[in-house]
Amino acid sequence: MKKTLFLNPPSFDGFDGGAGARYQAKREITSFWYPTWLAQPSALVEGSKLIDAPPHNQTVDDVLKIAKDYELVIMHTSTPSLANDVKCAEAIKAQNPDTRIGFIGAHVAVLPEKTLEDNPVIDFVCRNEFDYTCKEVAEGKNFADIKGLSYRDNHGNILHTAERDLIHDWDAMPSVLPTYAQNLDIKKYFIGYLLHPYISFYTGRGCPAKCSFCLWPQTIGGHNYRAKSPEAVGKEMEMAKSLFGNSVQEYMFDDDTFTIDKQRAIAISKHLKRLKLTWSCNARANLDYDTLKQLRDNGLRLLLVGFESGNQGILDGIRKGIRLDVARQFMKNCHKLGIKVHGTFIIGLPNESQETIEETIRFACEVSPHTIQVSIAAPYPGTELYRQALENNWFSSQNLISNSGIQTSTLAYPNLSSTQIENAVEQMYRRFYFRPKAIIPIVSEMLTDRQMLVRRLREGKEFFSYLKERQMVNPS
């Protein structure tokens, strides 16, 4: 087995480019997801090390001191962070030209040839679901015999092996939790709507939904949800308690649609109740009352829900598969049951206009999730949205982020400019949060929990700083 380093390289201050998030960017407040996409292959490679540089404030110099002892470095990248990640790879190669460097992530899975052509420092990229591909590279197998690999041979030729099948036996996949415990400081990971410290990870991959903008199902995970059995997840959570004790305040199941199999979700929740664990997960805005109640009774605290828009035409256009009247009833049920909801919205999807933006803002204020995230539509290569943008000449720029890591709009429409899309983000945040129905619950949290008081004051300062920085990026 080659001595292997899995690396999420240093990036912009506060930039979460290596996470499983769909919108890699600097966020309104300090936010870092766990590097599950790197941790899973690391868990497969015995003796490997995982570095997640951004949340641990590690610089390129810090990384170089560690990387000098490794034969193989596998780096996670994304479309907005690729150029920055390549610079880190070049520094590693300059230090030790014999180091083999490979990249993983949705961008290189979709554009393997171009990535290798444009960046001679990269020796190989792993396509599609890359966990076992990484393992076989670390084992020293001949590149030509490894499925799912694109690589540069000794003559500089770029070659591609056959596609690798998706993983179906998820019970056989090792847990990422020991990898977290050995390599990461859990106190460095913050998400504004999750308790601190928290831990997030996947119990499976794939999403049956066909949303045109969503990155992972269209590039790596596929549309068939493949997951661990409730029994396997139960054992994994027992392991979590033995590894972290009571230090973790909340576990977040980051599967795209953890609740798509309601009976599985309920069965897992019973294990969580037995272990007295507080937990959260992703869900669609159509989960029924009875399921919500059972999950809440078994420790569910919060749901992360993608509403995306308050206009039905836009939702239908992106194939969201959700009706606004159903989403409204879902939110009434969550409020009734005391389940907190973090709602995510996207500005700038196809057919967006000033009128539909107004509808989205009004809808968000009406259903009133506890917190929201407002993102700009991001046309990542490999998605249906990217294809539509090319076909319809919607691109105003190819830069998904500014030089500071703030997300910018690469799309513009005949009736809506990039500037208007970007301005709408700040407008929506201000109109949602600067109203009593949003402020009172947050203030109540602060008055009853000193840790939450300190945290919300810090986040408030960061939020206003973020809005100021966004205005500097887009002064108009």
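Residues numbered from 1 in each chain as written. Predicted model: local features only at pLDDT ≥ 70, side-chain atom pairs only at ≥ 80, totals over all residues. Heavy atoms only, no water.

Quick look at the overall build of the protein chain
Looking only at helices and strands, one finds 18 helices and 15 strands in the protein chain. Here the protein chain, with 476 residues, has 60% of them falling under the buried criterion. Excluding contacts between residues fewer than 6 apart, the proportion of contacts in the protein chain whose partners are at least 24 apart in sequence is 71%. As presented, the protein chain carries roughly 18,800 Å² of accessible surface, and 49% of it is formed by carbon and sulfur atoms. (Helix = DSSP H or I, 4+ residues; strand = E, 2+ residues; numbered from the N terminus. Buried < 20%, exposed > 50% of the residue type's maximum accessible area, 1.4 Å probe, protein only. Contact = heavy atoms within 4.5 Å. Areas by Shrake-Rupley, 256 points an atom, 1.4 Å probe, with all protein chains shown as cover.)

Remarks on the packing of helix 10 (residues 262–274) against helix 11 (residues 289–297)
Look at helix 10 against helix 11: their axes get within 8 Å of each other, and the N-to-C directions meet at 20 degrees. Between helix 10 and helix 11, the angle is such that the two are roughly parallel. Handedness of the helix 10/helix 11 crossing: left-handed. Contacts between helix 10 and helix 11 pair K262, A265, I266, S269 and K273 from the former with T291, Q294, L295 and D297 from the latter. (Axes fitted to C-alpha atoms, helices over the stretch in contact; angles between N-to-C directions. Parallel < 35°, antiparallel > 145°, perpendicular 65-115°, else oblique. Left-handed = near helix turned anticlockwise from the far one by under 90°.)

Some points on the packing of aromatic side chains
Centre-to-centre distance and the angle between the planes together describe a pair of aromatic rings. All chains considered together, the criterion is met by 20 aromatic pairs. With centroids separated by 6.1 Å and ring planes inclined at 90 degrees, the aromatic side chains of W33 and Y198 adopt a geometry described as edge-to-face. Of this pair, W33 sits in the loop between strand 1 (4–8) and helix 1 (36–44) while Y198 sits in strand 8 (residues 198–201), placing them 165 residues apart in sequence. Residue W33 is classed as buried on the basis of its relative accessible area of 9%. Seen in terms of ring centroids, Y429 and Y433 are 6.4 Å apart; in terms of plane orientation they differ by 15 degrees. Their pairing is stacked. Taken as a pair, Y429 and Y433 lie in helix 16 (residues 418–433) at a separation of 4 residues, close to a single helical turn. For the pair formed by Y429 and Y433, the shared burial category is buried. Over the aromatic face of Y70 sits the side chain of K3, whose NZ or CZ is 5.0 Å from the ring centroid. Between the NZ or CZ atom of R435 and the centre of the ring of F432, over which it lies, the distance is 4.4 Å. (Phe/Tyr/Trp six-rings, centres within 6.5 Å; stacked < 30°, edge-to-face > 60°. Lys NZ or Arg CZ within 6 Å of the ring centre and 35° of its normal.)

Regarding the pattern of salt bridges
Taken as a whole and judged by the stated rule, the model has 24 salt bridges. As a salt-bridge pair, R274 and E238 come within 3.1 Å of each other at their nearest N and O atoms. Here E238 lies in helix 9 (residues 230–244) and R274 lies in helix 10, a separation of 36 residues in the sequence. Residue classification places R274 among the partly exposed positions, given a relative accessible area of 46%. Close ionic contact of E250 with R301 constitutes a salt bridge, the shortest N to O distance being 3.0 Å. With E250 in strand 11 (residues 250–253) and R301 in strand 13 (residues 300–308), the pair connects residues that are 51 residues apart, well separated along the chain. Its relative accessible area of 0% is what places E250 among the buried residues. Each of E129, D131, R205 and R226 takes part in one network of salt bridges that share partners. (Salt bridge = Lys/Arg side-chain N within 4 Å of Asp/Glu carboxyl O.)

Overview of the sheet that holds strand 1
The strand order across the open sheet built from 7 strands is 2-1-3-4-5-6-7, with neighbouring strands paired in mixed fashion. Whereas interior strands pair on both sides, the edge strands pair on one side only; in this sheet they are strand 2 (49–52) and strand 7 (158–160). Neighbour-to-neighbour, the strand axes of the sheet open up by a mean angle of 20 degrees, direction not taken into account. Pairing analysis gives 3 bridges linking strand 5 (residues 124–126) to strand 6 (residues 149–152), with the strands arranged antiparallel. Bridge assignment links F124 to a residue of strand 6, and that residue is Y151. (Pairing = 2+ DSSP bridges.)

What about helix 10?
With 13 residues, helix 10 extends 19 Å from end C-alpha to end C-alpha; this agrees with the ideal 18 Å at 1.5 Å per step. Listing the buried residues of helix 10 in full gives R264, A265, I266, I268, S269 and L272. Looking at the buried side of helix 10, the elements it contacts are strand 10 (226–227), helix 9, strand 11, strand 12 (279–283) and helix 11. One or two steps after helix 10, the chain reaches K276, where phi turns positive at roughly 60 degrees. (Expected span 1.5 Å × (residues − 1).)

Here's the deal with the state of the cysteines
A covalent bond between the sulfur atoms of two cysteines is what we call a disulfide. The tally for this structure, following the rule as stated, stands at 0 disulfides. No disulfide involves C214; its sulfur sits 6.1 Å from that of C211, the nearest cysteine. (Disulfide = S-S within 2.5 Å.)

Focus on the nonpolar core
The biggest cluster of nonpolar side chains holds 117 residues, and the ones touching the most others in it are Y180, I199, M237 and L303. With 7 residues, helix 16 is the single largest residue contributor to this core. Excluding residues within four positions of it along the chain, Y180 makes contact with Y34, T36, A39, I199, S200, F201 and F244. (Core = buried A, V, L, I, M, F, W, Y, C linked by side-chain atoms within 4.5 Å.)

A few points about the pairing of strand 15 (residues 371–376)
Of all 6 residues making up strand 15, 6 are buried, and the element is well covered by its neighbours. Taking every second residue as pointing to the same face, both faces of strand 15 are buried, with T371, Q373 and S375 on one and I372, V374 and I376 on the other. Relative to strand 15, strand 14 (residues 340–347) runs parallel, the two being bridged by 6 bridges. By the bridge assignment, I347 is partnered in strand 15 with I376. As a crossover connection, the stretch from strand 14 through helix 14 (residues 354–367) into strand 15 is right-handed. (Right-handed = clockwise from strand over helix to strand, strands pointing away.)

Regarding the side chain of N183
By the secondary structure assignment, N183 is in helix 7 (residues 177–183). A polar atom in the side chain of N183 sits 3.2 Å from the backbone nitrogen of L50. (Polar contact = N/O pair within 3.5 Å; in protein donor to acceptor, adjacent residues only side chain to side chain.)

A short note on helix 13 (residues 324–337)
Given a rise of 1.5 Å per residue, 14 residues ought to cover 20 Å, and the 20 Å separating the end C-alpha atoms of helix 13 matches this to within 8%. Buried residues of helix 13: L324, A327, F330, M331, N333, C334 and L337, and no others. The first or second residue beyond helix 13 is G338, which carries a positive phi of 80 degrees.

Focus on the packing of helix 14 against helix 16
At a closest axis distance of 10 Å, the pairing of helix 14 and helix 16 adopts a crossing angle of 25 degrees. In terms of orientation, helix 14 and helix 16 fall into the roughly parallel class. Seen along the crossing, helix 14 lies across helix 16 with a hand that is right-handed. Contacts from Q354, I357, E358, T360, I361, R362, A364 and C365 in helix 14 reach Q420, A424, Q427, M428, R431 and F432 in helix 16.

The analysis is restricted to geometry; functional conclusions fall outside its scope.
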